[in-house]
Amino acid sequence: MMKLYMDVGGTTIRTELHTYDTVVHETYVSCDHELYDLIGSLLKRYPGILFIGIAYAGMIHHGCIITAPNIEVKIHDLKQKTEQLYGIRVEIENDVNCAVLAEAHDHTSGDIVALYVGTGLGCGVVSDGRLLHGHDSLAAEIGHIPYKSTPFHCGCGKDNCIELYASGSGLLKWKQYHNLKGQPDLSQLRHSDKQIERDIAERFEKALLSAAGTMVTLFNPETLVLGGGIVSANPYLVEIVTEQIQAYALPEAAKRVTVVQTRLKDAPL
Ligand SMILES: [Zn+2]
């Protein structure tokens, strides 16, 4: 049986097609593709697909996309529509929830928090061996806790989310706000000769520390895994969190947690 796995983020859609003996990887630019159409074209190209697993950068409840701060959602009942039209099984889950399950398996830990920094700031929690969902599958959305007010809005509608400081979309918004040219690249900002750019990078680090410290204080994990595109491009963030977590979390919980960078290349997949 052919299986298609998709990691749908704010910037890219990555796919893994598992056939009997091969795995085919592909990457698409998110804004160029409506997900439902992309699935349709892939099913046409590979008619043997009988299962699709989707890791989605948004809030998912009972297989439905409720909202996605960094993706324009056109079809909320994607699972149901695809299953009905094509007669195949589709499972969809929040991407960082998928990632934390893979991390829990990788670290053989039942108490683990995954903090993924990419376009958004995503978080997943496995506590006492169980994935934390919350009543409406909205638990652990650390990116949207109130932090400091901003002169622009988050994808969720508020103007004080921590994600506006510690994420790729946040960096972009700060650059646009200050009329700064170039890509929102943390490493470039950090080493910039402009004070304002170095300030954006420094605020990013502080916000990430606050988010990490909050999760460690609330969930007392054995392991805190950092991942996502911005962490893999800036592994120094793992050192900063390891060295400074003590100042941002309950000291006893901070002392016991192990902070690591993800070892998995495609944890959500
Ligand atoms: Zn928000």
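These numbers come from a predicted model, not from an experiment.

Scoring rules and cut-offs
Residues numbered from 1 in each chain as written. Predicted model: local features only at pLDDT ≥ 70, side-chain atom pairs only at ≥ 80, totals over all residues. Heavy atoms only, no water. Domains from an automatic or database assignment. Contact = heavy atoms within 4.5 Å. Salt bridge = Lys/Arg side-chain N within 4 Å of Asp/Glu carboxyl O. Polar contact = N/O pair within 3.5 Å; in protein donor to acceptor, adjacent residues only side chain to side chain. Helix = DSSP H or I, 4+ residues; strand = E, 2+ residues; numbered from the N terminus. Nonpolar A, V, L, I, M, F, W, Y, C, P; charged D, E, K, R; others polar. Donors = N, O, S within 2.8 Å, 3.2 Å for Na, K, Ca; no water. Buried < 20%, exposed > 50% of the residue type's maximum accessible area, 1.4 Å probe, protein only. Core = buried A, V, L, I, M, F, W, Y, C linked by side-chain atoms within 4.5 Å. Pairing = 2+ DSSP bridges. Axes fitted to C-alpha atoms, helices over the stretch in contact; angles between N-to-C directions.

Please explain the domain arrangement of the protein chain as it appears in this structure.
Quite often, the size of an interface is put as the accessible area lost when its parts meet. What the domain assignment reports for the protein chain is domain 1 (2–94) and domain 2 (97–261). If you average the C-alpha positions of domain 1 and of domain 2, the two centres end up 25 Å apart. Between domain 1 and domain 2, the residue contacts involve eleven residues of the former and 16 residues of the latter. There are zero salt bridges connecting domain 1 and domain 2. Joining domain 1 to domain 2, the criterion identifies eight residue pairs in polar contact (both at pLDDT 80 or more). Mapped by element, the contributors of at least two residues to the side of domain 1 that touches domain 2 are β5 (59–61) and β7 (89–94). In terms of residue count, the dominant contributor to the side of domain 1 that touches domain 2 is β5 (three residues). Grouping the amino acids of the side of domain 1 that touches domain 2 by side-chain chemistry returns five nonpolar, five polar and one charged.

Please explain the coordination of the zinc ion as it appears in this structure.
For a metal with four tetrahedral donors the ideal donor-metal-donor angle is 109.5 degrees, while six octahedral donors give ideal angles of 90 or 180 degrees. Ligation of the zinc ion by protein atoms is provided by H144 (ND1), C154 (SG), C156 (SG) and C161 (SG), these donors lying 2.0 to 2.3 Å from the ion. Each donor residue of the zinc ion lies on the same chain, and together they follow the pattern H-x9-C-x1-C-x4-C. Residue classification places C156 among the partly exposed residues on the basis of a relative accessible area of 35%. The class of C161 is buried, set by a relative accessible area of 0%.

Where do I start with the nonpolar core in this structure?
General note: in soluble globular proteins, nonpolar side chains tend to be found buried as a group. Membership of the largest hydrophobic core comes to 45 residues, with the highest contact counts inside it found for L115, L121, F204, L208, L224 and V241. In terms of residues, this core owes the most to one element, helix α6 (residues 195–219), which gives ten residues. In this structure, F204 is in contact with V117, Y165, A166, S167, L171, L186, I230 and L237, ignoring residues within four places of it in sequence. One finds L17, Y28, I65 and I88 within the second-largest nonpolar core, a separate group that totals 27 residues.

Sorry if this is basic, but what is going on with the sheet that holds strand β3 (residues 23–29) here?
Two modes of strand pairing occur in sheets, parallel and antiparallel, and in both the strands are linked by backbone hydrogen bonds. Spatial strand order, β3-β2-β1-β4-β7: five strands in an open sheet with mixed pairing. Across the chains shown, the open sheet's two edge strands, defined by having one partner strand only, are β3 and β7. Across the sheet, the axes of successive neighbouring strands diverge by a mean angle of 15°, strand direction being ignored. Bridge count between strand β1 (residues 2–8) and strand β4 (residues 49–56): seven bridges; the pairing is parallel. Counted as the bridge partner of K3 is F51 from β4.

What's the story with unusual backbone geometry in this structure? I'm lost.
Trans peptide bonds make up the majority, and among non-glycine residues the majority have a negative phi. Unusually for a residue other than glycine, D128 sits at a positive phi of about 50°. Turning to its location among the elements, D128 is positioned in the loop between β9 (121–127) and β10 (130–131). Despite not being glycine, N220 has its phi angle at roughly 45°, a positive value. With respect to the element layout, N220 can be found in the loop between α6 and β11 (223–227). Its relative accessible area of 45% is what places N220 among the partly exposed residues.

Whenever I open this one, the sheet that holds β10 confuses me. Can you help?
In spatial order, the strands read β10-β9-β8-β11-β12; together these five strands make up an open sheet with mixed pairing. Of all the strands in the sheet, just β10 and β12 (258–261) have a single pairing partner and so form its edges. Of the strand pairs in this sheet, strand β8 (residues 112–117) and β9 are connected by six bridges, and their pairing is antiparallel. Bridging across to β9, A114 finds its partner in G124.

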